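In case you want the letters, here they are:
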Amino acid sequence: MIAMFRAVLYSQWKWSRLIVVLGTVAAFAIPLLSLQGAARADRGAMQTPELLRAVQSWGTLYPLLATALGLLMAIAAWAPDHRGRHIHALTLPLERWRYVLLRFGAGFVLLAAPIAAVLIGSSLAVLTATLPPGLQAYPIALAMRFAFAVFVAYAVFFAVSAGTARTAGILLAVIAALILVQVVASMANLNLDLFGAAQTALLLGPGPLAVFAGRWMLVDV
Amino acid sequence: MSRLLGVLLTVSVLASPVQSQDSLIARLRRQADSLLSAWRDAQELAAVADSLEQVRATAGSDTIAVGGLRIIANPSPLPLREAAERAWPVIDSLYGSAAEDLPRYPYIFRAVDPDSSVRRTVLHVGVELPWDLDLRGTSTVLLTTVVAPHFDPVLADWLGTALRPTLRPQDERTAVFVQLVTAPSEAVRRCFLGDIVRCKVVLQVGDSTGLVTQWYVTPAEREALVTESFADYFARGATAPSLQRCRQHRDDACTALLQSLPPGSLPRPLGHAARLVLVREALRAGGRDAYRRLVASPNAAIEARLSSAAETDIDSLVARWRNSVLAARPRPLTLPWWAGFAAIGWTALFGFCALRSSRWRL
């Protein structure tokens, strides 16, 4: 089983190495860039709000990077199989669920590199910066959040990518139906806010995308 | 004879402008007196109109008395008594013994139809409330519209806001903490780091001379204040050249511009919440009569009034304020404990969906 996993991991690495390398570089660079200039010795009280603004602005890139990594890795994991009409997979002496699990696991292993890069980049950025008094750095919390976001994004897109065209069609149809019902409700002056409800369900509480919501601050009060 | 005539003529010519100036002053004085008289008449008329309006607004109303609260309202399903029973302990804990004077400042409410299309009488006294307001909302209205007893203009000017019970005291202190850390002011930063003298300066407790340089310690702060907050104000007229010099990093020009601002218009380095928390701290320290002592001497200096209210010296009070603010540090932006489990759960669920997929069943 380990040999199989190695083989799947190796093939997946070959298909997605460019994504992994670029993602790792970006994940390492964003924390460093977000704290650029924070090491200046002459940083006065004037610069504290500027620093927080910069950190907040750069912080929007973490969820975007997590989503992009999840999406591209999921596509890369399945693209060769889709192209080959799954013939290679069918020739393997392996149940489908095991094969999918190996692919799924290999993706997580490869995604560990950008997650580690966020942790290392954040820690390095914080160590080299001179933070104004009262501000605190959260490199571990940020890296953990990034890890969860990457995992959720990867799992969502992996599931969609692993599904049939019919599944994708059903998903799109459900979304279109929601939009249609909302438009009709608005025209009929009905007090129905499906988008708001969907947003609440997805982004708040224990929703699947809740980990993406909120501020991604490497440094904060 | 001709010399005498000449002297008389000269004196009369020289005296004529003085005489005309004298008459101008007299005319202006008469106008001022007339204006004052008109203003007094207007005041009397306004007072009469106000009392008539008050009579009209309270006609046919009931009076609800709970503790020191007096609520005059028209009959309606509004839960005013229950709300007053909830609000009174909170109000009483803030104003202490002075809350006994609250019957002098009754609430006037008019319960109205929540349907905004229903026509209603326009009243200029009191507050209109929809009659379907719930208990929580009604209590909030009572807490946020209570009139602070004997609240004098000097205290109001210094505080910059009304002194009312707070619904979320912790949030108020947390907001001040964030201000202490993020305010673009060296004085505030030093206060945060423990310099009590600086804290007194930024709270404007004590000597108020030279506020510009006391509040905005560095030339960079003063320049930023002028060029970012007052650029439009100083860009016209006689101050325009000074603004140009200020933009060229001439601190003397920036300081002079800021010093030329009308009294009270120099932005405070800390917001109203900081002073509000200080007053609350003084009232908490001073016990039940603290508020009464705070408003007892409207002409005394603010620090003396606060000291008197808290029954402690001002440095100890400010130190206490700082400690309470530092203790209210906001919670860090870490994920809640359940978020990690939720993310792993969703990941597992989507992974399971992928395992169950039928894609390669060709």
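Residues numbered from 1 in each chain as written. Chains lettered and ligands numbered in written order. Predicted model: local features only at pLDDT ≥ 70, side-chain atom pairs only at ≥ 80, totals over all residues.

**Some points on the overall build of chain B**
A tally of regular secondary structure across chain B gives 17 helices and four strands. Taking all 362 residues of chain B together, 30% fall into the buried category. (Helix = DSSP H or I, 4+ residues; strand = E, 2+ residues; numbered from the N terminus. Buried ≥ 20, exposed ≤ 12 C-beta atoms within 10 Å, placed from the backbone.)

**Concerning the overall build of chain A**
Helix and strand counts for chain A stand at eight helices and two strands. When the elements of chain A are put in sequence order from the N terminus, they spell out α-α-α-α-α-β-α-α-α-β. On the principal axes, the C-alpha backbone points of chain A span a range of 65 × 60 × 25 Å. Here chain A holds 221 residues, and the buried ones make up 37% of them. Across chain A, every contact between residues at least 6 apart in sequence was considered, and the portion connecting residues at least 24 apart equals 84%. (Contact = placed C-beta atoms within 7 Å.)

**As for the interface of chain A and chain B**
Contact with chain A, which involves 40 residues of that partner, is made by 38 residues of chain B. Ranked by residues supplied to the side of chain A that touches chain B, first place goes to helix H6 (residues 139-162) of chain A with eleven residues. Of the residues in the side of chain A that touches chain B, the class split is 29 nonpolar, seven polar and four charged. (Nonpolar A, V, L, I, M, F, W, Y, C, P; charged D, E, K, R; others polar.)

**Things to note about the packing of helix H5 (residues 169-182) of chain B against helix H13 (residues 272-286) of chain B**
The relative placement of two packed helices comes down to the angle between their axes together with the axis-to-axis distance. Residues and elements named next belong to chain B. Relative orientation of the contacting elements H5 and H13 amounts to 130 degrees, with a least axis distance of 9 Å. Classed by the angle they form, the pair H5 and H13 counts as oblique. Judged by the sense of rotation from one axis to the other, the crossing of H5 with H13 is left-handed. Taking contact as the criterion, the partners of Glu-172, Arg-173, Ala-175, Val-176 and Gln-179 in H5 are, on H13, Ala-273, Ala-274, Leu-276 and Val-277. The residue makeup of the contact of H5 with H13, split by class, is six nonpolar, one polar and two charged. (Axes fitted to C-alpha atoms, helices over the stretch in contact; angles between N-to-C directions. Parallel < 35°, antiparallel > 145°, perpendicular 65-115°, else oblique. Left-handed = near helix turned anticlockwise from the far one by under 90°.)

**As for the sheet that holds strand E1 (residues 62-66) of chain B**
All names here are of chain B. An order of E1-E2-E3-E4 is seen for the four strands of this open sheet, with the pairing classed as mixed. A strand with exactly one partner marks an edge of an open sheet, and here the two such strands are E1 and strand E4 (127-130). Across the sheet, the mean angle from the axis of one strand to that of its neighbour is 30 degrees, orientation sign disregarded. Against the sheet, helix H2 (residues 80-95) touches E1, strand E2 (69-73) and strand E3 (107-112), its axis set at about 30 degrees to E1. (Pairing = 2+ DSSP bridges.)

**Regarding helix H1 (residues 2-34) of chain A**
Residues and elements named next belong to chain A. For H1, spanning 33 residues, the distance from its first C-alpha to its last is only 40 Å, which falls clearly below the expected 48 Å at 1.5 Å a residue. Looking only at H1, the buried set comprises Val-8, Gln-12, Ser-16, Val-20, Gly-23, Thr-24, Ala-26, Ala-27, Phe-28, Ile-30, Pro-31 and Ser-34. Among the structural elements, helix H2 (47-59), helix H3 (61-83) and helix H5 (96-128) are those in contact with the buried residues of H1. (Expected span 1.5 Å × (residues − 1).)

**Side note on unusual backbone geometry**
Residue and element names in this part refer to chain B. Within the chain, His-150 stands out as a residue other than glycine whose phi angle is a positive 55 degrees. Along the chain, His-150 falls in the loop between helix H3 (135-145) and helix H4 (153-159). Classification of His-150 by C-beta neighbours within 10 Å gives partly exposed; the count is 17.

**Quick word on the confidence of the model for chain A**
Low pLDDT marks regions whose predicted coordinates should not be analysed in detail. Scored by pLDDT, chain A comes out at a mean of 85, with 95% of its residues at no less than 70. Across chain A, H5 of chain A holds the top mean pLDDT of 91, while helix H4 (residues 87-91) of chain A sits lowest at 77. (pLDDT = per-residue confidence, 0-100.)

**Structural notes on the nonpolar core**
Core analysis: the largest hydrophobic core is formed by 74 residues, its most contacted members being Leu-180, Val-202, Val-226, Ala-282 and Leu-306 of chain B. If sequence neighbours within four positions are ignored, Leu-306 of chain B has contacts with Val-205, Leu-278, Ala-282, Ile-314 and Leu-317 of chain B. One finds Val-20, Ala-27, Phe-148 and Met-217 of chain A within the second-largest nonpolar core, a separate group that totals 63 residues. (Core = buried A, V, L, I, M, F, W, Y, C linked by C-beta atoms within 7 Å.)

**Some thoughts on the confidence of the model for chain B**
Residue and element names in this part refer to chain B. Confidence in the prediction of chain B, expressed as mean pLDDT, is 85, and 90% of residues score 70 or more. For chain B, the element scoring lowest by mean pLDDT is helix H1 (residues 2-58), at 75; helix H16 (residues 314-326) scores highest, at 93. The ipTM for the predicted assembly is 0.81, set against a pTM of 0.73.

**A word on the pairing of E1 of chain B**
Of the strand pairs in this sheet, E1 of chain B and E2 of chain B are connected by five bridges, and their pairing is antiparallel. Bridge pairing in E2 of chain B links Val-66 of chain B to Leu-69 of chain B.

**Some thoughts on the pairing of E2 of chain B**
Residues and elements named next belong to chain B. Side-chain alternation along E2 places Leu-69, Ile-71 and Ala-73 on a buried face and Arg-70 and Ile-72 on a face that remains uncovered. Remark: two residues form the turn of the hairpin made by E1 and E2, two consecutive strands paired antiparallel; Gly-67 in that turn has positive phi of roughly 60 degrees. As defined by bridge partners, E2 adjoins E3 across three bridges and the pair is classed as parallel. Across the sheet, the residue bridging to Ile-71 is Tyr-107, located in E3.

**Concerning the packing of H13 of chain B against helix H15 (residues 302-310) of chain B**
Residue and element names in this part refer to chain B. Direction vectors running N to C along H13 and H15 enclose 35 degrees, while the axes themselves pass 7 Å from each other. Residues Leu-278, Ala-282, Leu-283, Ala-285 and Gly-286 of H13 lie in contact with H15, whose contacting residues are Leu-306, Ala-309 and Ala-310. Tallied by class, residues from the contact of H13 with H15 come to seven nonpolar, one polar and no charged.

**Brief notes about H2 of chain B**
The α-helix advances 3.6 residues per turn, and as a result positions three or four apart in sequence lie on the same side. All names here are of chain B. Counted at 1.5 Å a residue, the expected span for H2 with its 16 residues is 22 Å, and the 21 Å between its end C-alpha atoms agrees. Approximately 30 degrees is the largest bend angle found in H2, and it occurs at Ala-87, with the proline Pro-89 only one to four residues beyond. For H2, the full list of buried residues reads Leu-80, Ala-83, Ala-84, Ala-87, Trp-88, Ile-91, Leu-94 and Tyr-95. For H2, the secondary structure elements touched by its buried residues are E1, E2, E3, H3, H13 and helix H14 (290-294). (Bend = angle between axes of the 7 residues up to and from the residue.)

**Points about the environment of Asp-220 of chain A**
All names here are of chain A. Tracing the chain through its elements places Asp-220 in strand E2 (residues 219-220). Accessibility expressed as a C-beta count within 10 Å gives 21 for Asp-220, which makes it buried. Note: C-alpha distance between Asp-220 and Val-55 (165 residues apart in sequence) is 8.5 Å.

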